[in-house]
Amino acid sequence: METHRSKVLKWILTIAIVIVLNLFFTFAIRLGYKEPLREAFCPVNQVNEQITSKDKCVSAGGQWNEYGTMVSPDGYSQPVKVAPAGTVVLTGSCWLEYTCLKNFDAVLSVYNRNVFVILIILGVISLGVGYAVGASSAVSLGLSLGGILALIIASMRYWSDMDDIVRVIVLAIALVALLWFGIKKFKD
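Residues numbered from 1 in each chain as written. Predicted model: local features only at pLDDT ≥ 70, side-chain atom pairs only at ≥ 80, totals over all residues. Heavy atoms only, no water.

Trainee: Describe in detail the pattern of salt bridges, supporting the description with residues and values.
Mentor: A full pass over the atoms with the stated rule returns three salt bridges. We note a salt bridge from glutamate 35 to arginine 157, for which the minimum N-O separation is 3.9 Å. Linking glutamate 35 in the loop between α1 (4-32) and α2 (38-41) with arginine 157 in helix α5 (residues 137-158), this pair joins segments that are 122 residues apart in sequence. Residues arginine 167 and aspartate 164 are paired through a salt bridge, measuring 2.8 Å at the closest nitrogen-oxygen approach. (Salt bridge = Lys/Arg side-chain N within 4 Å of Asp/Glu carboxyl O. Helix = DSSP H or I, 4+ residues; strand = E, 2+ residues; numbered from the N terminus.)

In structure tokens, the structure reads:
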């Protein structure tokens, strides 16, 4: 019969394997497959000029937002008043990072998809090895739970970029894997 201390130590080992396995996956991927950096697409300038015209904004890759009305302190919309001659009147504002962020988001989405695939493969391998290892229940359970956590992390990372059909497929596969894992590991 296993002592209480022995059970606690096995669970500590199991949890440690789950955590370290997923940290290993994360940093191994980061080392071998570099994540795109926002600064590579949208460089940060030390000095930024205010862009005051639609043409300059659009030609710089920005998104121009026209001012049409302004809200007065009492909450009513009023047309923008014309300033005296010789003064600069802003007719809109420029979101200069519009195009570069769209490009960055597209590249980041592909990167997240690829990391998703890598983590799914590593998670399935971990589940398989965890199932195959029979020598130590703590090691077997740690690898299996680590694989499940890798599957969860992969799905969370790519979730916002997935199509709904892919989400349903991923959830169906996850459910089947969890049911299989539960049946194989925790037979009554």
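Read on, since the account is not over.
Trainee: For the environment of lysine 10, give the residues involved together with the corresponding values.
Mentor: Structurally, the position occupied by lysine 10 is in helix α1. Looking at lysine 10, the relative accessible area reads 34%, which means it is partly exposed. Separated by 129 residues in sequence, lysine 10 and valine 139 have C-alpha atoms that sit 8.5 Å apart. (Buried < 20%, exposed > 50% of the residue type's maximum accessible area, 1.4 Å probe, protein only.)

Trainee: So what's going on with the packing of α1 against α5? Residues and values would help.
Mentor: Contact pair α1 / α5: the axes reach a minimum separation of 8 Å and the direction vectors enclose 40°. The orientation of α1 with respect to α5, classified from their angle, is oblique. Note on packing geometry: the crossing formed by α1 with α5 is right-handed. Between α1 and α5, the contacting residues are Lys10, Trp11, Leu13, Thr14, Ile17, Val18, Leu21, Asn22 and Phe25 on the first element and Ser137, Ala138, Val139, Leu141, Gly142, Leu143, Leu145, Gly146, Gly147, Leu149, Ala150 and Ile153 on the second. In the contact of α1 with α5, the residues fall into 14 nonpolar, six polar and one charged. (Axes fitted to C-alpha atoms, helices over the stretch in contact; angles between N-to-C directions. Parallel < 35°, antiparallel > 145°, perpendicular 65-115°, else oblique. Left-handed = near helix turned anticlockwise from the far one by under 90°. Contact = heavy atoms within 4.5 Å. Nonpolar A, V, L, I, M, F, W, Y, C, P; charged D, E, K, R; others polar.)

Trainee: Quick one: what's the story with the nonpolar core, residue by residue and with numbers?
Mentor: If you look at the biggest cluster of nonpolar residues, it comprises 16 residues, and the most contacted ones within it are Phe25, Ile29, Tyr111, Val115, Phe116, Leu119 and Met162. When contributions to this core are tallied by element, the ones reaching two or more residues are α1, α4 (98-132) and α5. In this structure, phenylalanine 25 is in contact with Leu119, Leu122, Ser126 and Ala150, ignoring residues within four places of it in sequence. Within the second largest apolar cluster, five residues are counted, among which are Leu141, Ile148, Leu151 and Phe181. (Core = buried A, V, L, I, M, F, W, Y, C linked by side-chain atoms within 4.5 Å.)

Trainee: So what's going on with the packing of aromatic side chains? Residues and values would help.
Mentor: In total, this model carries five aromatic pairs according to the counting rule given. Each ring, one from tyrosine 33 and one from tyrosine 111, has its centre 4.7 Å from the other, and the planes form 35°; the classification is tilted. Here tyrosine 111 lies in helix α4 and tyrosine 33 lies in the loop between α1 and α2, a separation of 78 residues in the sequence. Here tyrosine 33 falls in the partly exposed class, since its relative accessible area comes to 27%. What makes tyrosine 111 buried here is its relative accessible area of 5%. (Phe/Tyr/Trp six-rings, centres within 6.5 Å; stacked < 30°, edge-to-face > 60°.)

Trainee: So what's going on with a nonpolar patch on the surface? Which residues, and what values?
Mentor: On the surface, a nonpolar cluster with roughly 610 Å² of combined accessible area is contributed by Trp11, Ile15, Ile19, Val20, Leu23 and Phe27. With respect to the helices, strands and loops of the structure, isoleucine 15 is situated in helix α1. (Patch = residues over 30% accessible without salt bridge, like charges linked within 9 Å, V, L, I, M, F, W, Y side chains within 5 Å. Areas by Shrake-Rupley, 256 points an atom, 1.4 Å probe, with all protein chains shown as cover.)

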